[in-house]
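What the coordinates show
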Amino acid sequence: MSISPVLAELHASVPVVEPSLLACDFAQLGQEIRRVEQAGARMLHLDIMDGHFVPNLSFGVPVVEAVHRSTHLPLDVHLMISEPARYVDTFREAGADLLTVHIETLPDPRPLLHQMRRMGVGVGISLNPPTPLSQIEGCLDLCDHVLVMSVMPGFGGQEFEPVALDKLRRLQTMVGPEVLLQVDGGVNLETVRQCALAGADLFVVGSALFSQENYGQFLEEMTGLARKNTCKIA
Ligand code: DX5
Ligand code: ZN
């Protein structure tokens, strides 16, 4: 199966620390994007929340379009929404390079994941901390990445839940190196080490990054820790 240039580049760049714009200053969105670009970010994580699947609202398609117009960085769009099948096309058109849907929203994930493959987007499945890996086992062959939630989705700034580490370790035995493992929620300079040791390739970071004065120094330090502790063969 051939992979898109964006995925090929991502594979060549791991470990990748991804700023989650949820924690940025939205009053300065363009400037925040420029700051993380200059800080060396390789991809941006955009959290879409519908107030239904998760108890919070964030932003939608017009903001994804605006971010797309403002940067050449790939966009990784995390759909925390019910009925994602209704919206994947729209988010792809808005500029998503990677799209992640939640298994908890999909009684049968395979048709939607097939559809996403046909769209040429990087295909991801995510699961919440209480959701067992057995629920995604049957669709891993259709995924380019698996997003392991290390907090209940809906809010930034929560404490890391170690249940994610066990899932990352077990996922390494369930998928090949062509599937990237992503961790999201409570990732900071302390927890990044454990995540890397457990097998994460992509590290989503919101509040720990945007609370810093110097994004470049933080991204460098975080990426260094991820690289130093990775259990993946270089
Ligand atoms: C949480 C979102 C995360 C969030 C992470 O529901 O999926 O991407 O922005 O934020 P931190 O890093 O603050 O936990
Ligand atoms: Zn997210």
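Right above here is the structure, for reference.
Before going into details, it helps to say that this report is about the structure given with it.

1. Describing the overall build of the protein chain
Helices and strands together make up the secondary structure of the protein chain, namely nine helices and eight strands. C-alpha extents for the protein chain along the principal axes are approximately 45 × 40 × 35 Å. Residue burial in the protein chain is summarised as follows: out of 234 residues, 53% are buried. Within the protein chain, residue pairs in contact and separated by at least 24 positions form 64% of the contacts whose partners lie at least 6 positions apart. Accessible surface, the protein chain as shown: approximately 10,400 Å² in total, 51% of it carbon and sulfur. If the 16 positive side-chain charges of the protein chain are averaged to one point and the 28 negative ones to another, these points end up 4 Å apart.

2. Thoughts on the coordination of the zinc ion (ligand 2)
The protein atoms that coordinate the zinc ion (ligand 2) are His 45 (NE2), Asp 47 (OD), His 78 (ND1) and Asp 184 (OD), at distances spanning 2.0 to 2.3 Å. Each of the six donor atoms around the zinc ion (ligand 2) contributes to a set of angles spanning 70 to 168°, which defines the coordination as octahedral. For the zinc ion (ligand 2), all donor residues lie on one chain, and their spacing in sequence is H-x1-D-x30-H-x105-D. Placement of the pair is Asp 47 in strand S2 (residues 44–49) and Asp 184 in strand S7 (residues 180–184), with a sequence separation of 137 residues. Under the relative-accessibility criterion, Asp 47 is labelled buried at 3%.

3. Regarding the packing of aromatic side chains
Following the criterion strictly, the structure yields two aromatic pairs and no others. Considering the side-chain rings of Phe 210 and Tyr 215, the 5.3 Å spacing of their centres and the 75° angle between planes classify their relative orientation as edge-to-face. Of the two residues, Phe 210 and Tyr 215, neither departs from the other in class, the shared state being buried. The lysine or arginine in question, Arg 35, covers the ring of Tyr 215, its NZ or CZ lying 3.8 Å from the ring centre.

4. Here we look at the site of ligand 1
With respect to spatial proximity, 20 residues lie near ligand 1, and among them Ser 20, Gly 157, Asp 184, Gly 186 and Ser 207 are the closest. His 78 has a polar side-chain atom sitting 3.3 Å from an oxygen atom of ligand 1. Here an oxygen atom of ligand 1 sits 2.5 Å away from a polar atom, N or O, in the side chain of Ser 207. When the free accessible area of ligand 1 is taken as 380 Å², the share hidden by the protein chains comes to 99%. Because more than half of its atoms lie within 2 Å of the grid, ligand 1 is assigned to the second largest pocket. Every element with two or more residues in the shell around ligand 1 is listed here: S2, strand S3 (75–80) and strand S8 (202–205).

5. A few points about the layout of surface pockets
For the second largest pocket, the calculated volume is near 290 Å³. What lines the second largest pocket is a set of 25 residues, and nearest its centre among them are Gly 156, Gly 157, Asp 184, Gly 185 and Gly 186. Where the lining of the second largest pocket is concerned, the elements lending two or more residues are S2, S3, S8 and helix H8 (207–210). Along the lines of polarity and charge, the residues of the lining of the second largest pocket split into twelve nonpolar, eleven polar and two charged.

6. Focus: the environment of Gly 138
As for its placement among the helices and strands, Gly 138 is situated in the loop between strand S5 (122–127) and strand S6 (145–149). In this structure Gly 138 comes out as exposed when scored by relative accessible area, which is 52%. Distance in space between the C-alpha atoms of Gly 138 and Cys 231 is 25 Å, their sequence separation being 93 residues.

7. Notes on the packing of helix H2 (residues 29–38) against helix H3 (residues 61–70)
Viewed as axis vectors pointing N to C, H2 and H3 meet at an angle of 50°, and their least axial separation amounts to 10 Å. Relative to H3, H2 is oriented oblique. Note on packing geometry: the crossing formed by H2 with H3 is right-handed. Facing H2, whose interface residues are Leu 29, Ile 33 and Glu 37, H3 presents Val 63, Val 67 and Ser 70.

The rules we used
- Residues numbered from 1 in each chain as written.
- Chains lettered and ligands numbered in written order.
- Predicted model: local features only at pLDDT ≥ 70, side-chain atom pairs only at ≥ 80, totals over all residues.
- Heavy atoms only, no water.
- Helix = DSSP H or I, 4+ residues; strand = E, 2+ residues; numbered from the N terminus.
- Buried < 20%, exposed > 50% of the residue type's maximum accessible area, 1.4 Å probe, protein only.
- Contact = heavy atoms within 4.5 Å.
- Areas by Shrake-Rupley, 256 points an atom, 1.4 Å probe, with all protein chains shown as cover.
- Lys, Arg positive; Asp, Glu negative; His and termini not counted.
- Charge placed at Lys NZ, Arg CZ, Asp CG, Glu CD.
- Donors = N, O, S within 2.8 Å, 3.2 Å for Na, K, Ca; no water.
- Tetrahedral: all angles 85-135°; square planar, octahedral: opposite > 155°, others 65-115°.
- Phe/Tyr/Trp six-rings, centres within 6.5 Å; stacked < 30°, edge-to-face > 60°.
- Lys NZ or Arg CZ within 6 Å of the ring centre and 35° of its normal.
- Near = heavy atom within 4 Å.
- Polar contact = N/O pair within 3.5 Å; in protein donor to acceptor, adjacent residues only side chain to side chain.
- 1 Å grid on protein atoms, 1.4 Å probe; cavity = no way out; pocket = protein on both sides within 12 Å on 5 of 7 lines; lining within 4 Å.
- Sits in = over half its atoms within 2 Å of the grid points.
- Points joined across faces, edges and corners; volume = space filled by probe spheres on them.
- Nonpolar A, V, L, I, M, F, W, Y, C, P; charged D, E, K, R; others polar.
- Axes fitted to C-alpha atoms, helices over the stretch in contact; angles between N-to-C directions.
- Parallel < 35°, antiparallel > 145°, perpendicular 65-115°, else oblique.
- Left-handed = near helix turned anticlockwise from the far one by under 90°.

Spatial relationships are all this shows, so hold off on functional conclusions.
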